[in-house]
Amino acid sequence: MQPREQSAFAALITDVLAYYRQNASAFTLDVWWQACQSFDMEQVRKAVTAHATDPERGQFAPKVADVVRILSGTVTDRAALAWGKVHEAMSRVGAYTDVVFDDPAIHAAVDDCGGWPKMCRTELTELSYLQHRFCTAHKAYTGRGDFGYPRRLAGDRSPDSEFERKGLPLPKPAIVGDPERARLVYQGGGAGKAALTFASVESLAAPPAVQRIGHRESV
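Below: a short report on this structure. Predicted model, so just to flag it, every value in this text is computed and none were measured.

Conventions and cut-offs
- Residues numbered from 1 in each chain as written.
- Predicted model: local features only at pLDDT ≥ 70, side-chain atom pairs only at ≥ 80, totals over all residues.
- Heavy atoms only, no water.
- Helix = DSSP H or I, 4+ residues; strand = E, 2+ residues; numbered from the N terminus.
- Polar contact = N/O pair within 3.5 Å; in protein donor to acceptor, adjacent residues only side chain to side chain.
- Contact = heavy atoms within 4.5 Å.
- Axes fitted to C-alpha atoms, helices over the stretch in contact; angles between N-to-C directions.
- Parallel < 35°, antiparallel > 145°, perpendicular 65-115°, else oblique.
- Left-handed = near helix turned anticlockwise from the far one by under 90°.
- Nonpolar A, V, L, I, M, F, W, Y, C, P; charged D, E, K, R; others polar.
- Core = buried A, V, L, I, M, F, W, Y, C linked by side-chain atoms within 4.5 Å.
- Buried < 20%, exposed > 50% of the residue type's maximum accessible area, 1.4 Å probe, protein only.
- Expected span 1.5 Å × (residues − 1).
- Salt bridge = Lys/Arg side-chain N within 4 Å of Asp/Glu carboxyl O.
- Arc of directions from axis to C-beta.

### Let's talk about the overall build of the protein chain
Move 1: Each helix and strand counted, the protein chain has ten helices and four strands in total.
Move 2: Counting from the amino terminus, the protein chain carries its helices and strands in the arrangement α-α-α-α-β-α-α-α-α-β-α-α-β-β.

Written as structure tokens, this is what we have:
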């Protein structure tokens with residue numbers, strides 16, 4: 001969920017607890033928010049409904065752990081569905097074409113697995129291991145909520161600089177999934193993995209430089 005959704009989320013949890021004749025304190029709402037923030041509002045809504053309609057557990061007010069348990073299953077389901085989408089695109093799109101999915105966690109997980117061309121060229125005997133690795137990464141990113149990812153998964157083609165040098169437009173990427181959501185994924189993405197820098201061991205061990213300006217210090 002986005003920070004702007006916190007008020008709507010608080011209203012939802014307040015209504016849920018009121019159904020069980022319980023009050024929602026500021027502390028209670030904060031705990032709920034911290035636990036559920038990495039999930040979508042609709043996922044949370046479905047999870048509390050699932051709890052309320054459970055024949056055994058539903059007679060008691062939901063605790064955070066009850067809903068998170070349901071949501072964790074949702075994350076596993078999402079990872080499995082994401083893998084199905086990726087697996088189909090691996091054969092239909094192929095290694096030479098850029099691709100943009102409608103799920104940022106797919107981009108991050110594919111990046112962790114070595115990139116789009118490498119995944120497309122995975123041997124059949126290694127496919128089950130790749131699936132496990134992808135699903136594990138996808139669940140981790142989905143649970144984290146806030147993470148960096150490449151805006152598009154680059155195919156095995158000439159670099160962008162070659163197209164720019166020749167004054168040619170970049171190849172159009174294949175869009176997999178909902179086009180509007182894919183557009184938002186592209187707009188919210190970046191270059192990919194964090195940049196690597198190198199420094200000497202001595203510079204890492206040295207204290208930060210301090211510059212004195214009058215009576216003030218800036219690091």
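### Some details on the side chain of Asp-103
Move 1: Relative to the helices and strands, Asp-103 resides in the loop between β1 (99-101) and α5 (104-112).
Move 2: A distance of 2.7 Å separates the side chain of Asp-103 from the side chain of His-138, its partner in a polar contact.
Move 3: For Asp-103, the contacting residues outside a window of four places in its chain are Arg-78, Ala-82, His-138 and Val-185.

### Remarks on the packing of helix α3 (residues 41-52) against helix α4 (residues 64-92)
Move 1: One can describe the packing of α3 onto α4 by two numbers: an axis separation of 9 Å at closest approach and a directional angle of 125°. Taken together, α3 and α4 sit at an angle that is classed as oblique. Handedness of the α3/α4 crossing: right-handed. Listed contacts from α4 to Gln-43, Val-44, Ala-47, Val-48, Ala-50 and His-51 of α3 are Asp-66, Val-67, Ile-70, Leu-71, Thr-74 and Arg-78.
Move 2: Broken down by class, the residue content of the contact of α3 with α4 amounts to seven nonpolar, three polar and two charged.

### Looking at the nonpolar core
Move 1: Counting 29 residues, the largest nonpolar core has Trp-83, Val-86, Met-90, Phe-101, Trp-116, Met-119 and Phe-134 as its most contacted members.
Move 2: Breaking this core down by element, the ones donating at least two residues are α4, β1, α5, α6 (116-120) and α7 (127-144).
Move 3: Beyond its immediate sequence surroundings of up to four residues, Trp-83 is in contact with Met-90, Met-119, Leu-127, Leu-130, Gln-131, Phe-134 and Cys-135.
Move 4: Membership of the second largest hydrophobic core comes to 19 residues, among which are Phe-9, Val-44, Ala-47 and Leu-71.

### Notes on α7
Move 1: The terminal C-alpha atoms of α7, which comprises 18 residues, lie 26 Å apart, in line with the 26 Å expected from a rise of 1.5 Å per residue.
Move 2: If you follow the buried residues of α7, they end up packed against α4, α5 and α6.

### Overview of the pattern of salt bridges
Move 1: Considering all chains together, one arrives at 13 salt bridges under this definition.
Move 2: Members of the salt-bridge network, linked through shared partners, are Asp-98, Arg-152, Arg-157 and Asp-160.

### Observations regarding helix α2 (residues 26-36)
Move 1: Along α2, the residues classified as buried are Leu-29, Trp-32, Trp-33 and Cys-36. The buried side chains of α2 occupy one side of the element, clustering within an arc of 100° when seen end-on. Set apart from the buried face of α2 by more than 90 degrees, the exposed residues are Phe-27 and Gln-34.
Move 2: Buried residues along α2 sit against α1 (6-19), α3 and α4.

### What about the environment of Ala-89?
Move 1: With respect to the helices and strands, the residue Ala-89 is situated in helix α4.
Move 2: Spatially, the C-alpha atom of Ala-89 lies 9.7 Å from that of Ile-175, the residues being 86 residues apart in sequence.
Move 3: In this view, Ala-89 contacts Gly-94, Phe-101, Trp-116 and Val-176; residues no more than four positions away in its chain are not counted.

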